[in-house]
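Remarks on the overall topology
Here is what each chain is made of, one letter per residue.
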Amino acid sequence: MHDIGMSPSRKIVRAHNDYLLTGLAGDLTPQHLKDFQHWLDAHYNGVTAPISPDALTPSNLRTVEEIVSYYCRHKHNDWSEEWIRNALPELQSSLYANWVEDLVTLCRSHHEGLSALRSERFEAKLVGAPSQSVNLRYLAALLRLADVLEFDPERTPSIILERRDIAPKSRIFWQRDHEIAFHLDAENRSISLTARTPSAPVHRAVLDVVLSVDHELATCAALEHEGLFRVGKIPDIERDRYKWEWPSRLATDISEKDNSFVYIEGAFRPDSKRILDLLSGVALYGNPLAAIRELLQNAVDAVKEQIAYERLEDDEPGSSDFSPKWSEFHRIRLSLEEDIDGIWLRCVDNGVGMTKDIIENHLLVSGSAARVSTRTLEREADAKGFAVGRTGQFGVGALSYFMIADRLELTTRRSNHAGDHDHTAWRFTTEGIGSFGELSRASRSTNGTEARLRLRADIFDINTPIFSQISQYILDTVSFLPCRMEFKDNINGGPALQFAAGWVDSSDMLSDYCLELNKRGKRMTELRDGQANFKSDARNRLRWLGPEELTFEPLAARIRVWLPYFELPGGNSCVYLHLEDDAVVQLRNNDQFLVPQRHAFLSWRGFKAISRDPIKLPANVSVEIDLGAGATISVDRGHLSFPTDDIFEAISEVAQKLRSSFANENIRSQFKVLNLGTLNIGMDDDSGFYWQRESDKWSAVEAPFAEVLKFSYEREPTGGRATNNGREVQRVLTMGSSGSQRSVSRLVGGGRLVLTRDNSRYSLLQAAVIWDTMPSEFRRGARSFPESLRGLLCVVCDGQVALNKDHALAAALTRHRRVDPANLDANCSDDELASALYSTIHLPTEAWSTLVSKVGMRERILEFIDRLPERRIDAWTVSSPNQYIITIDSKGRHTRKQDFRINRFNTYDGRNYILPSEERDWLRIEGPKFEDEDKEPQVNTISF
């Protein structure tokens, strides 16, 4: 009868099965669902219904069947009691009063331990009239032993084993009974078991059953030794009946059948001491101070759980995992203290606290699964629309304390808000791995935990105060807090390190990183001798616009976006310049400015980490990303994995908002054009602008002014006075920084193309842009070309482009962003195709080959070219000292190299572009010229 619950009603089995498949409660009551989920949390890693919301698979169906089977086994004791109470009511008076209660107690006892069997409810008593003795403790011992000794092969007949789909992990227990011979000698009070096992798994199963039997025999022997079988109301004449004379263990004869195998402990098993050492050491965490992070994470989790319990009791708990409404009432306090036996780090929180069970079975059990109460709390919070956001994942964090400490003292009291509180405060002390800790009751009256770590002197740098080292580690580690936190030096005094709830101020770290590296991998502030003061000047002038905050729900991420800029004489600038006497001072390697570097600070639920994959960031901004459930964290807490591309678009939108805001707010800055070019923002404005002129002079630009499209091999054509059509022209110079260039021609629209000769020994032909009046259009745009060159689409000089505004493609190219030919297919729009063809002009020839290799693209290009007025595209390109005319037509892409001292451009098929002769189309720069011999033209064609 005690196992009748192993055969529950089909209705209850089907209800649990259907619930797992569909998530619908059906006939299950709220209490049924609560009990089921509680068990799933404890035994199936918190699985929730429905098992497969999208599509059922054979694997899912087998999983559901397995779960329900094991749950029925788990619940059979309860269901047995339920059956007894429901099926035997009419018999309740046929034996003695309350006999059904005694039967329930007896049936349930075979799942209770020794401590329960010692309780008063099992003491013998007199019942009925005439009275008789009922010894529940003795009956319970017989029931337990009889249950575990039932090895009869008929209990698991072979025919059933063959025909039933027994789970692989259960099949071995069915097989073992067929290999056991059992003998009970009542006269001599001996119990023996013999087995000849056919395989190692069966051998292991037999040994396991021996352990189970020995455990029950030892339990009965202990009860006999304590005299408990004869406690209660037993007539003296019957006392000897309850003397337990059976042995405390089985006599066994177990060996391998026919020597067909040799039994060993064939399962992988841990070297507990070694694993604990690894989990608590630098081998896992790298830095011993990671123990500080683990200490703080445990305190933070305790506060987060306490806040979650409080929010669940509120009518308006909110939808964010962070709410100042509750954060203000909680606090984490760290302090450095000195005692007679050393220096201690103390961490106090008013979080949820711990019970005796949590200390014993979770804190002290490395790698323990999440507590059932924790899973329940997270599920209830999710149902209310917010997340608890715990950082605890692996159950090994407390071990790390002993990287920096040799003693832990813990005082804690569980919050009354938690459903599992035990109304007691506890104190636990231990000296780490290999030692045996002690638990005792404590006098703490409020919920929360105090952890004290006695610090090891050999861990810290003797040349730096311990408080400073821990403070710096906290600053480098913590990014977001659920409550206020402080760290005080109670040894030497001084100001405390204090944090408000929410984001931790990271402006100093952001500033250090954005000035750290340039594109060449060198330190951005690495300067020439005598210029070291520029580093501190740049740091002192650095400011931040923002932050703009957003939430990215798919990754449960909170994000802050910042835009760096410099507060310079003359206005705010997105790049750093050093001006002395209105001149731009070269910083190093002929750099005129420094661009702050983008950086992403990543964290997981408030604690910094590093992404395993590169993070794509929008231009000009640095970001802080605190990830939640959408990311996974490594065991050492140092590395994150998450879909990095998904978050880019969300950040880009906010970054553009910051860029536009800065540009508009600083339209009167002397560095307006530098800012617009750096931020890639265009606007109309007629207030003029400043730029670098001859002799590095930084001053207001006046019309007419001109800029030579420079070669990369030479900073600027040398020479003196510049004129155009007899009038003097102010020259503006291209500015550079580690391969990043800023030029007026890239940033200011309008103007017209003119030609000039550089002052190298080759007197190379070059292009320039001249503005006869002050521009009001500050964005990339097309130019007027000389009459004789208007058939050209553009001039490209080492990446700098002058686009002909009168060309048929000019409108499409100015309204459409540049397209990567590799990302295009034959279904593209005309504007996209025009942009791709334009890109192939100044990209390596592989770009053209990639484009025309796409299916249907050759025909698409031919059709597009055929619709152009000239049925071709010609462009003049300059790459260092080499000059080319590139043509794209119905035959392919053609490149014709020009001689050095050309007076006309020659295409591959003989078309000539005569250089203009009018003075208005030339920029004359005074200076010596050098002659050289002509070079032979070369032609290269890549056909379709």
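Provided above is the structure to which this section pertains.
Residues numbered from 1 in each chain as written. Predicted model: local features only at pLDDT ≥ 70, side-chain atom pairs only at ≥ 80, totals over all residues. Heavy atoms only, no water.

What follows deals with the overall build of the protein chain. Check the secondary structure of the protein chain and you find 25 helices and 47 strands. The buried share of the protein chain, taken over its 944 residues, is 49%. Summed over all atoms, the accessible surface of the protein chain reaches about 45,600 Å², with 47% contributed by carbon and sulfur. (Helix = DSSP H or I, 4+ residues; strand = E, 2+ residues; numbered from the N terminus. Buried < 20%, exposed > 50% of the residue type's maximum accessible area, 1.4 Å probe, protein only. Areas by Shrake-Rupley, 256 points an atom, 1.4 Å probe, with all protein chains shown as cover.)

Oppositely charged side chains are able to pair whenever their charged atoms sit close together. Within this structure, the stated rule accounts for 60 salt bridges. The shortest N-O distance in the salt bridge between arginine 454 and aspartate 406 comes to 2.8 Å. A residue pair is termed long-range when its members are at least 10 positions apart, and arginine 454 in strand S11 (residues 448-455) and aspartate 406 in strand S8 (residues 405-413) qualify at 48 residues. As a salt-bridge pair, arginine 911 and glutamate 870 come within 3.2 Å of each other at their nearest N and O atoms. Taken together, the residues arginine 911 in the loop between strand S44 (904-906) and strand S45 (912-914) and glutamate 870 in the loop between helix H25 (857-866) and strand S41 (873-879) connect sequence positions 41 residues apart. Under the relative-accessibility criterion, arginine 911 is labelled partly exposed at 29%. Accessibility expressed as a relative area gives 46% for glutamate 870, which makes it partly exposed. The network of salt bridges with shared partners includes Asp35, Lys75, Asp78, Glu81, Arg85, Glu101 and Arg108. (Salt bridge = Lys/Arg side-chain N within 4 Å of Asp/Glu carboxyl O.)

Another point: the packing of helix H2 (residues 30-43) against helix H3 (residues 58-87). Interhelical geometry of H2 versus H3 gives an angle of 105° and a closest axis separation of 11 Å. As far as their axial angle goes, H3 and H2 are roughly perpendicular. Together, His32, Asp35, Phe36, Trp39 and Leu40 of H2 and Ile67, Tyr70, Tyr71, His74 and Lys75 of H3 make up the contact between the two elements. For the contact of H2 with H3, the residue count by class is six nonpolar, two polar and two charged. (Axes fitted to C-alpha atoms, helices over the stretch in contact; angles between N-to-C directions. Parallel < 35°, antiparallel > 145°, perpendicular 65-115°, else oblique. Contact = heavy atoms within 4.5 Å. Nonpolar A, V, L, I, M, F, W, Y, C, P; charged D, E, K, R; others polar.)

Following both chains from N to C, one finds helix H12 (residues 290-312) and helix H15 (residues 372-384) inclined at 50°, their axes separated by 10 Å at the closest point. In this view, H12 runs oblique relative to H15, as classed from their interaxial angle. Crossing geometry of H12 relative to H15 is assigned as left-handed. Across from Glu305, Ala308, Tyr309 and Leu312 in H12, the residues of H15 making contact are Ser373, Thr374, Leu377, Glu380, Ala381 and Lys384. (Left-handed = near helix turned anticlockwise from the far one by under 90°.)

Burial of nonpolar side chains together is a common tendency in soluble globular proteins. Grouped together as the largest cluster of nonpolar side chains are 91 residues, with contacts concentrated most on Leu577, Trp691, Trp876 and Phe905. The element contributing the most residues to this core is strand S17 (residues 557-568), with eight residues. Excluding anything up to four places from it in sequence, leucine 577 contacts Leu568, Val584, Gln592, Phe593, Phe671, Leu674, Trp698 and Met735. In terms of nonpolar packing, the next biggest core, distinct from the first, is built from 47 residues, Ala291, Ile307, Trp426 and Tyr473 among them. (Core = buried A, V, L, I, M, F, W, Y, C linked by side-chain atoms within 4.5 Å.)

Right, let's talk about helix H9 (residues 200-225) for a bit. An α-helix turns once per 3.6 residues; consequently, residues spaced three or four apart project the same way. Taking 1.5 Å of rise per residue, 26 residues should cover 38 Å, and H9 covers 37 Å from first to last C-alpha, within 8% of that figure. Of the residues trailing H9, glycine 227 is marked for its positive phi of about 75°. (Expected span 1.5 Å × (residues − 1).)

Attention now goes to the sheet that holds strand S13 (residues 484-489). Sheet strands associate in pairs through backbone hydrogen bonding, adopting either a parallel or an antiparallel arrangement. In spatial order, the strands read S10-S9-S8-S11-S7-S6-S13-S14; together these eight strands make up an open sheet with mixed pairing. Edge positions in the sheet fall to strand S10 (438-442) and strand S14 (497-499), since each of these pairs with one other strand and no more. Each neighbouring strand pair of the sheet contributes to a mean axis angle of 15°, computed without reference to strand direction. Alignment of S8 against S11, held across eight bridges, turns out to be antiparallel. Paired with leucine 410 across the bridge in S11 is alanine 451. Relative to strand S7 (residues 342-349), H12 is tilted by about 25°, and along the sheet it contacts strand S6 (331-339), S7, S11 and S13. (Pairing = 2+ DSSP bridges.)

Our focus in this paragraph is unusual backbone geometry. With an omega of -5°, the peptide bond running from alanine 129 to proline 130 counts as cis. Examined against the element boundaries, proline 130 turns out to sit in the loop between strand S1 (125-127) and strand S2 (132-134). A positive phi angle, close to 65°, is found at asparagine 98, a residue other than glycine. Judged by its relative accessible area of 57%, asparagine 98 falls in the exposed class. With a phi close to 60°, histidine 423 is a non-glycine residue in the positive phi region. Relative to the helices and strands, histidine 423 resides in the loop between S8 and strand S9 (425-430).

We now examine the side chain of serine 511. Here serine 511 is to be found in helix H17 (residues 507-514). In this structure serine 511 comes out as buried when scored by relative accessible area, which is 3%.

Here we come to the packing of aromatic side chains. Scanning the model with the defined rule gives 22 aromatic pairs in all. Relative to tyrosine 71, the ring of phenylalanine 36 has its centre 4.5 Å away and its plane inclined at 45°; by these criteria the two rings are tilted. Residue phenylalanine 36 is located in helix H2, and its partner tyrosine 71 is located in helix H3; the two are separated by 35 residues in the primary sequence. Considered together, phenylalanine 36 and tyrosine 71 belong to a single accessibility category, that of buried residues. Seen in terms of ring centroids, tyrosine 138 and phenylalanine 229 are 5.3 Å apart; in terms of plane orientation they differ by 80°. Their pairing is edge-to-face. Taken together, the positions of tyrosine 138 in helix H6 (residues 136-148) and phenylalanine 229 in the loop between H9 and strand S5 (251-256) put the pair 91 residues apart, joining distant regions of the chain. Of the two residues examined, tyrosine 138 and phenylalanine 229, each falls in the buried class. One aromatic cluster is present, built from ring pairs that chain together Tyr19, Phe36, Trp39, Tyr44, Tyr71 and Trp79. (Phe/Tyr/Trp six-rings, centres within 6.5 Å; stacked < 30°, edge-to-face > 60°.)

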